[in-house]
Amino acid sequence: MEPAIQLVMEYAGAFEETYRDDDWSRLTPYFNKDASYAVLGGPAACEIQGREAILQALKKSIDGFDRRFDERTLELTDGPHLSAGPAGQEVGMDWVVHYRRGEAPVMDLPGRSVFTVADGCIAAMRDEYNEALLGPVVAWLGEYGTDLDGSYV
């Protein structure tokens, strides 16, 4: 396995552990100190600079959204794929997160993540949401999730 892909997959595994036990310090070694994170598309779109700010933003979003569901299941639908980027190697993958809450129907949130790996760390990360695919998510949130807040900032 290519080192950049291995790093991203290890990060993904560590992220899921962090989701379970809330130990955000385990993610620190994966990011460059000056890493950036961008969320493109959707109501939570934002840009965040710096490793500590990224970890705080991820925790805020997880606490206000993901952890408020009864069940969260992540499905990788394409990738990971490696390509050369202007600032390092890029690892991209498509996914769908399936959320279950009470008696509401399952909500499926599709997205894409792209990681830029440089010098053995994540230098940049972005999550991309296709506005055309978010209609059912927005409708679900309007009916069953008005108390949820997935914002990062």
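Summary of the structure given here. (Residues numbered from 1 in each chain as written. Predicted model: local features only at pLDDT ≥ 70, side-chain atom pairs only at ≥ 80, totals over all residues. Heavy atoms only, no water.)

To continue, consider a nonpolar patch on the surface. On the surface, Met-1, Met-9 and Leu-76 cluster together into a nonpolar patch covering about 310 Å² of accessible area. Looking at the element boundaries, Met-1 is found in the segment before helix H1 (3-21). With a relative accessible area of 73%, Met-1 lands in the exposed category. (Patch = residues over 30% accessible without salt bridge, like charges linked within 9 Å, V, L, I, M, F, W, Y side chains within 5 Å. Areas by Shrake-Rupley, 256 points an atom, 1.4 Å probe, with all protein chains shown as cover. Salt bridge = Lys/Arg side-chain N within 4 Å of Asp/Glu carboxyl O. Helix = DSSP H or I, 4+ residues; strand = E, 2+ residues; numbered from the N terminus. Buried < 20%, exposed > 50% of the residue type's maximum accessible area, 1.4 Å probe, protein only.)

The first and last C-alpha atoms of helix H2 (residues 51-64) sit 20 Å apart over 14 residues, in line with the 20 Å expected at 1.5 Å per residue. For H2, the full list of buried residues reads Arg-51, Ile-54, Leu-55, Ala-57, Leu-58, Ser-61, Ile-62 and Gly-64. Buried-residue contacts for H2 involve H1, strand S1 (31-40), strand S2 (46-49) and strand S6 (121-128). (Expected span 1.5 Å × (residues − 1). Contact = heavy atoms within 4.5 Å.)

Note on placement: Asn-130 falls in the loop between S6 and helix H3 (135-144). C-alpha separation for the pair Asn-130 and Phe-31, spaced 99 residues apart in sequence, amounts to 26 Å.

For the rest of this paragraph, the subject is the pattern of salt bridges. Following the criterion strictly, the structure yields 17 salt bridges and no others. In this structure, the salt-bridge partner of Asp-22 is Lys-59, at a minimum N-O distance of 3.1 Å. Remark: Lys-59 occurs in helix H2 and Asp-22 occurs in the loop between H1 and S1; sequence separation between them is 37 residues. For Asp-147, the salt bridge identified is with Arg-101, shortest N-O distance 2.7 Å. With a gap of 46 residues between them, Asp-147 in the segment after H3 and Arg-101 in the loop between strand S4 (88-100) and strand S5 (107-118) connect regions that are remote in the sequence. A relative accessible area of 17% places Arg-101 in the buried class. Here the residues in one salt-bridge network are Asp-22, Lys-59, Asp-63 and Arg-67, joined through shared partners.

Residue Pro-80 follows Gly-79 across a cis peptide bond; omega there is 10°. You can see Pro-80 is positioned in strand S3 (residues 71-85). Positive phi, normally seen in glycine, also occurs at Asp-22, with a value near 65°. In this structure Asp-22 comes out as partly exposed when scored by relative accessible area, which is 33%. If you check the backbone angles, Asp-119 has positive phi at about 55° while not being a glycine. On the secondary structure map, Asp-119 appears in the loop between S5 and S6. Judged by relative accessible area, which is 79%, Asp-119 ranks as exposed.

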